[in-house]
Amino acid sequence: MSHQLTDNPIINNLIGFSRHYCAQTLTSQGVDSIEFGHWLAVPSQRLLLVFRHQQCVAIDEYQLAA
C-alpha cells in the first residue's frame, strides 16, 4: 500500500491476518463491518478488506453508488 487509506491504525494493520481475526478486531473496536464473498466491507470508512485464502491481502477504497 503506497499510502494510508484511513486514519484508523487498526484497519491499516489488518493486512496478513485472517478474516475471522479482522472481523473480531473491528467489532472489538466498535467498527461495523459486513462480510461477503472475498471481502469484508467497512462502511464507516468506505473500505473493503480483500481476502485470498482467508488472509487479508489488500485494503481498497470504494464509493457509494449513485
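This one's a predicted model, so the numbers in the text were calculated from it and none came from an experiment.

Looking now at the overall build of the protein. Each helix and strand counted, the protein has two helices and four strands in total. Counting from the amino terminus, helix and strand elements in the protein follow one another as α-α-β-β-β-β. Evaluated residue by residue, the protein yields a buried proportion of 33% over its 66 residues. Of the roughly 4,500 Å² of accessible surface on the protein, a fraction of 50% belongs to carbon and sulfur atoms.

The final tally for this structure, using the stated rule, is two aromatic pairs. The interplanar angle of 25 degrees and the centroid separation of 4.4 Å between the aromatic rings of F17 and Y21 together place this pair among those described as stacked. Judged by relative accessible area, F17 falls into the partly exposed class, the value being 35%. Plain terms: the ring middles of F36 and W39 are 5.8 Å apart, the flat faces sit at 35 degrees to each other, and that makes the pair tilted. Residue classification places F36 among the partly exposed residues on the basis of a relative accessible area of 38%. In this structure W39 comes out as partly exposed when scored by relative accessible area, which is 33%. For the cation-ring pair, R19 lies above F51, with the distance from its terminal atom to the ring centre recorded as 4.8 Å.

Rules used throughout
- Residues numbered from 1 in each chain as written.
- Predicted model: local features only at pLDDT ≥ 70, side-chain atom pairs only at ≥ 80, totals over all residues.
- Heavy atoms only, no water.
- Helix = DSSP H or I, 4+ residues; strand = E, 2+ residues; numbered from the N terminus.
- Buried < 20%, exposed > 50% of the residue type's maximum accessible area, 1.4 Å probe, protein only.
- Areas by Shrake-Rupley, 256 points an atom, 1.4 Å probe, with all protein chains shown as cover.
- Phe/Tyr/Trp six-rings, centres within 6.5 Å; stacked < 30°, edge-to-face > 60°.
- Lys NZ or Arg CZ within 6 Å of the ring centre and 35° of its normal.

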